[in-house]
Every structure is written in structure tokens, then in C-alpha cells.
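Residue-level structure breakdown
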Amino acid sequence: ETIKEITEFRNQFSNETIGFIPTMGALHNGHESLMIESKKNCDITIVSIYLNPKQFGKNEDYNKYPKQITIDINICKKNKIDALFIPNNNEIYSKNNITKPYLPSKKLTTILCGKSRPDFFNGVCNVVERLFNIVTPTHAFFGDKDLQQRLIIEEMVKDLNKNIIIIGCPIIRDKNGLALSSRNSYFSKDEYNIVIQIPKLMSLIIK
């Protein structure tokens, strides 16, 4: 739960490859696919669960974002994760941390999701940079469901000269083709029946 604890764990390994999967919890099969990929590619796998307030806008769903910490811990145990880091706000945004936040390029952050969520990617980069500094992984795994986010993080790693390999993993979908997301739990049955039409329509357009 603390930086001290995860640092002590991390310092046991000097020559091993360290895979890292940052999450906001409410884990599902998409997150598990990242764990499987990390276990396949790296000697040690670390998962973090931290609901980052800085990537939520004023009227967004920070307070109602799904939480299932006991289930999440069991998912990590099932996948034989080596360490699970569950920090609080004081650990991540310590008053002693005066590092100037990295600001991603507007070229990538003002399109697509960035149009409706202008502060989102700044918040993502802020927390991911801090987590990278704490965990010091050799590899980090991100799902291609959030492709824009992954590209921005790749740019951040390059700009900050961090020796971390970013690995994108395929989108995991449910039986109806909907990309898995923690927020899918918000849908009523009627809403779900509407949104599953989106991947079907997109597949027709692509064809």
C-alpha cells in the first residue's frame, strides 16, 4: 500500500525484467489478458490499482467509478501476480513530490477523446509518470482499447528518456463484440442492447 513497501519489493530484483500494469481497479478479462502477456514476457509482474482523481473532469464519474477491491485481489492471485500496489492519494500525490508534471503534446491530446475531456490525458500522464518512477518497470502493458492513451504514454516515455518498453495488447471483447471496460457495468439491459450495435456497425463499415 505504500511507496516504501513497493520499493523494498522492487529492490530485490536487479537483473530481472519487470512487467507493470497500471489500472484503476474493477478488473476484468481485459486486464487479465495484460497480466497473462506480462507473465509471458517478464520475470516479475506488478499490478497497481489506483483511482486517479486528476484524470476526471468536474462532472465526471470519479465518485461512482466501480470498486471491487476483494474481487480484484482474487483476480491478481489467480493470475499469480508477484506484487499488487494499492496506494492512496497521499502516497501518489505527496506534498513532498515537487516534480513538474509532464504535459503531453496538444497534437495528440486535442483530438478524439481529448475533444470532450480536455484535462484527461494530462491527468493520465501525471499519474503514469509517477507510477513509473515508483515501480521502475522494464516493460509496461496497455490495452489497445485505449489506443490514443497508449500512443500518448509512448510519446511521454520517449520525451522523458525512460528505459521502458511499452507493449500494446489486443482489445478483449465480450460475446456480443463489445470491448470490455470497467464502465460497462453502468449500462442497463436496454442500454447494453443499444451499445452492442456499435461494434457490429463498425465491422460493416470496415468491410
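Everything below is about the structure printed above this text.
What comes next concerns the included structure. Just so we're clear, the structure is a prediction, and the values are computed from it rather than from any experiment.

Parameters at a glance
For every chain, the first residue of its written sequence is number 1, and the numbers climb from 1 along that sequence. Since the coordinates come from a predicted model, pLDDT governs what is reported: local features require at least 70, and pairs of side-chain atoms require 80 or more to be given and counted, while whole-chain, interface and lining totals use all residues. Working from all heavy atoms in the structure, the side-chain values ignore hydrogens and water. When DSSP finds at least two bridges between two strands, those strands are taken to pair. In this text, helices come from DSSP runs of H or I with a minimum length of four residues, and strands from runs of E with a minimum of two, each type numbered from the N-terminal end. Lines are fitted to the C-alpha atoms to define the axes, a helix being fitted only along its stretch in contact, and any angle between axes, read from their N-to-C directions, falls within 0 to 180 degrees. Note on contacts: a residue pair qualifies if any of its non-hydrogen atoms lie within 4.5 Å across the two residues. Convention used here: angles under 35 degrees read as roughly parallel, angles over 145 as roughly antiparallel, angles from 65 to 115 as roughly perpendicular, and any remaining angle as oblique. Crossing chirality is assigned from the near helix's rotation relative to the far helix, an anticlockwise turn below a right angle marking it left-handed and a clockwise turn marking it right-handed. Partly exposed residues are those whose accessible area sits between 20% and 50% of the maximum for their type, while under 20% is buried and over 50% is exposed, using a 1.4 Å probe and protein chains only. Orient the strands so they point away from the viewer; a crossover is then right-handed if the path from the first strand over the helix to the second runs clockwise.

With that out of the way, let us pick up the sheet that holds strand E2 (residues 44-49). Sheet architecture is open: five strands sit in the order E3-E2-E1-E4-E5, paired in parallel fashion. On the outer flanks of this sheet lie strand E3 (83-85) and strand E5 (165-169), each paired with one strand and no other. With direction set aside, neighbouring strand axes in the sheet form an average angle of 25°. One ladder, built from two bridges, connects strand E1 (residues 18-23) with strand E4 (residues 139-143); its direction is parallel. Its bridge partner being in E4, Phe20 is matched across the sheet by Ala140. Contacting E1, E2, E3, E4 and E5, helix H7 (residues 120-135) runs over the sheet at an angle of about 145° to E1. Against the sheet, helix H8 (residues 147-159) touches E4 and E5, its axis set at about 170° to E5.

For any two helices packed against each other, the geometry is given by the interaxial angle and the distance between the axes. Two elements in contact, H7 and H8, have axes separated by 10 Å at closest approach and are oriented at 55°. Regarding the angle of H7 to H8, the classification is oblique. For the pair H7 and H8, the sense of crossing is right-handed. On the side of H7, the interface is formed by Phe120, Phe121, Val124, Cys125, Val128, Glu129 and Phe132, while H8 contributes Gln148, Gln149, Ile152, Ile153, Met156 and Val157.

Attention now goes to the pairing of E1. For E1, the buried fraction is high: six of the six residues fall into the buried class. In E1, alternate side chains face the same way, and those of Ile18, Phe20 and Pro22 on one face and Gly19, Ile21 and Thr23 on the other are all buried. Note on the crossover from E1 through helix H2 (residues 29-41) to E2: the handedness is right-handed.

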